[in-house]
Amino acid sequence: MKPHNIGIIGVGQTRYTARRDDATLPEIAKEAAVIALEDGGIEIKDVDAVVFSLALDALEGIESAERWCAGAVGAYGKPFIRVHTGGTTGGSAAHAGFFHIASGLFDCVLVVGAEKMGETPDAQNVLNRIFDPIYERAVAINAVNMCSFQAVRHMKKYGTSEYHMALVSVRSRKNALRNPYAHIRGEITVEDVLNSRVICYPLKLYDCCPRSTGGCAVVMASERFIRRLDKKKVAWIRGVAGCTNSYFIGDRMDSSGINDYADTDGLLLAAKRAYRMAGINNPRREISVAEIYAPFTSTELAAVEALGFCEKGESGMCNEKGIFDMDGEIPINPSGGVLTANPISVTALVRVAESAIQLMGKAEERQIEGVRTAVATGEGGSLQFYTVTVLSNRI
């Protein structure tokens, strides 16, 4: 499939924090939507349809919260759809918005969502329920140790160390100092990470993402709509792809040699498809910046390999060399990434939004110079769902 000329013209984010006692879920979603519309230079009457990014009901404590939020984001009288695919929810919502326009039925779509997960002490208990109740739940598989297992496998297969993981945490928090929306930011050292409390070996507290509250929105439009507005700063969506792996974690290791739990091969397949659609042949040379969905330091190490930024097993060494730093060859997560803000229902949408503002030159202190292409990813479920979005500031 050849990509249609569809671009992002507006981005809106709220600050991400543990709590927002001053605002309800609909109010947070509206806050992000209003900012995105203003950034795009349009009004809600110009929007043809709304895609709402919302995580599972149990995290919100409200059944079908999209009904509560629809009016707040201006969906009255418009087509409206809720999207949920775990951690990839925001990425899947972005793709739904893209395909809404690619279908030819709509010219302008608002993709928006909000999250108040940071306000519940039961988030981890809720997430633990996503696993198979017959074979996996009895052995206490949960959202943390499923990633710690991947980390251990990566360490055994490639010689990755806890030191390499710590480098990711240090870089992410340092980058977040430049991001006014980030939930967690600050200067920390490798020793701080290594000495932080063990959550599930080898993952320690500073290897893990927070629970965050906040909202995010992007305005997508067709080329004819954008030309009519005479917009100059546009993040064109050049490639989109998704991939789904087995529900059962035990099926992620087989004798084929192409499904190894150390690697994120679902993301690798999605990336190849998105790159092909975007005409990207050498991602390490052609991608200027990446916003990667990585809730743990170890998942980022596997993800940069899957995205083709280095060979499998080389991500730890690349971090030692500073290749993924703000001034490195391929800056990774200049926003600070998921390690510094995780409003789960929109976390993957934030990756798209942050990529778009890089391309539009609106990233302020976290702006990377000379950006031409960006890639944004999502990762959800039991490392089961993946989304990849390739963007450019040129058609």
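Residues numbered from 1 in each chain as written. Predicted model: local features only at pLDDT ≥ 70, side-chain atom pairs only at ≥ 80, totals over all residues. Heavy atoms only, no water.

1. Overview of the overall build of the protein
Quick reminder of the rule: Secondary structure counts use DSSP, requiring at least four H or I residues in a row for a helix and at least two E residues in a row for a strand, with both numbered from the N terminus. Whether a residue is buried, partly exposed or exposed follows from its accessible area with a 1.4 Å probe, protein chains only, as a fraction of its type maximum: under 20%, in between, or over 50%, in that order. Any two residues having at least one pair of non-hydrogen atoms within 4.5 Å are treated as being in contact.
In terms of helices and strands, the protein carries 14 helices and 11 strands. In terms of overall dimensions, the protein has a C-alpha envelope of 55 × 45 × 40 Å along the principal axes. When burial is assessed residue by residue, the protein has 62% of its 395 residues classed as buried. Within the protein, counting contacts between residues at least 6 apart in sequence, those at least 24 apart form 77% of the total.

2. Here we look at the side chain of Asn-175
Tracing the backbone through its elements, the reader meets Asn-175 in helix 7 (residues 162-176). Among residues more than four places away in sequence, those in contact with Asn-175 are Met-326, Ile-332, Asn-333, Pro-334 and Gly-336.

3. Points about the layout of surface pockets
Think of a ball as big as a water molecule: rolled over the atoms, this probe shows where empty space is left. Heads up, the condition is: Only protein atoms enter the 1 Å grid, on which a cavity is a set of points fitting a 1.4 Å probe that cannot get out and a pocket is an open set with protein on both sides within 12 Å along at least 5 of 7 lines, lining residues being those with an atom within 4 Å of a point. Grid points are joined across faces, edges and corners, and a volume is the space filled by probe spheres set on the points. Amino acids are sorted into nonpolar (Ala, Val, Leu, Ile, Met, Phe, Trp, Tyr, Cys and Pro), charged (Asp, Glu, Lys and Arg) and polar (every other residue, Gly among them).
Space inside the largest pocket adds up to approximately 860 Å³. Lining the largest pocket are 41 residues; nearest its centre among them are Gln-124, Leu-127, Ala-143, Cys-209 and Asn-342. Of all the secondary structure elements, the ones that give two or more residues to the lining of the largest pocket are helix 5 (123-127) and strand 10 (373-380). Per-element accounting of the lining of the largest pocket gives the leading share, three residues, to helix 5. Taken together, the residues of the lining of the largest pocket break down into 25 nonpolar, 12 polar and four charged. Roughly 280 Å³ of internal volume is contained in the second largest pocket. For the lining of the second largest pocket, the element with the highest residue contribution is helix 7, accounting for five residues. Residues that form the lining of the second largest pocket fall into these classes: four nonpolar, three polar and six charged.

4. Some points on the pairing of strand 2 (residues 49-53)
Going by this rule: For two strands to pair, DSSP has to find at least two bridges joining them.
Among the five residues in strand 2, five count as buried, and that is most of the element. Here strand 2 shows no split at all, with Ala-49, Val-51 and Ser-53 on one side and Val-50 and Phe-52 on the other all buried. Inspection of the sheet shows strand 2 paired to strand 4 (residues 108-116) by five bridges, in the parallel sense. Each residue of the ladder has a partner; that of Ala-49, found in strand 4, is Val-109.

5. A look at the packing of aromatic side chains
Think of a pair of aromatic rings as described by two things: how far the centres are apart, and how the planes are tilted against each other in angle. Quick reminder of the rule: Aromatic contacts are taken between Phe, Tyr and Trp rings whose centres are within 6.5 Å, Trp giving its six-membered ring; a plane angle under 30 degrees counts as stacked, one over 60 as edge-to-face, and the others as tilted. Two thresholds decide whether a charge sits over a ring: the Lys NZ or Arg CZ must be within 6 Å of the ring centre and within 35 degrees of the ring normal.
Tallied over the entire structure, the rule returns three aromatic pairs. Ring geometry for Phe-98 and Phe-99: centres 5.3 Å apart, planes at 80°, overall edge-to-face. With relative accessibility at 1%, the residue Phe-98 sits in the buried group. On the basis of relative accessibility, which here comes to 41%, the residue Phe-99 falls in the partly exposed class. Here Arg-173 stacks its cationic end above the ring of Tyr-206, 4.4 Å away from the centre of that ring.

6. Structural notes on the nonpolar core
What counts is decided by this rule: What is meant by a nonpolar core is a set of buried Ala, Val, Leu, Ile, Met, Phe, Trp, Tyr and Cys residues, joined one to another through side-chain atoms within 4.5 Å.
In terms of nonpolar packing, the biggest core is built from 45 residues, with Tyr-275, Ile-292, Phe-309, Phe-324, Ile-332 and Val-388 touching the most fellow members. Elements that contribute at least two residues to this core include exactly helix 6 (145-158), helix 7, strand 8 (235-244), helix 10 (265-278), helix 12 (297-306) and strand 11 (385-392). Top element by residues in this core is helix 10. It accounts for six residues. The contact partners of Phe-324, leaving out residues within four places of it in the chain, are Arg-171, Val-304, Phe-309, Cys-310, Ser-315, Cys-318, Asn-319, Ile-330, Pro-331 and Ile-332. Counting 41 residues, the second-largest nonpolar core is a separate cluster that includes Phe-98, Met-326, Met-360 and Ala-363.

7. Here we look at the sheet that holds strand 4
Spelled out, the test is: Structural elements are reduced to axes, namely lines fitted to C-alpha atoms, with helices fitted over the stretch in contact, and the angle between N-to-C directions of any two is expressed from 0 to 180 degrees.
The mixed open sheet is built from nine strands, whose spatial order is 3-2-4-7-1-8-11-10-9. Each edge of the open sheet carries a strand with a single partner, namely strand 3 (80-83) and strand 9 (289-291). Direction aside, the axes of adjacent strands within the sheet are offset by 25° on average. In this structure, strand 2 lies alongside strand 3, joined through four bridges in parallel fashion. Bridge pairing in strand 3 places Ser-53 opposite Val-83. Packing against the sheet, helix 10 makes contact with strand 8, strand 10 and strand 11, and its axis sits at approximately 145° to strand 8.

8. Observations concerning the side chain of Glu-354
Locating Glu-354 in the fold gives a position in helix 14 (residues 347-359). Aside from chain neighbours lying at most four places away, what touches Glu-354 is Gln-13, Asn-179, Glu-291, Ser-335 and Arg-366.

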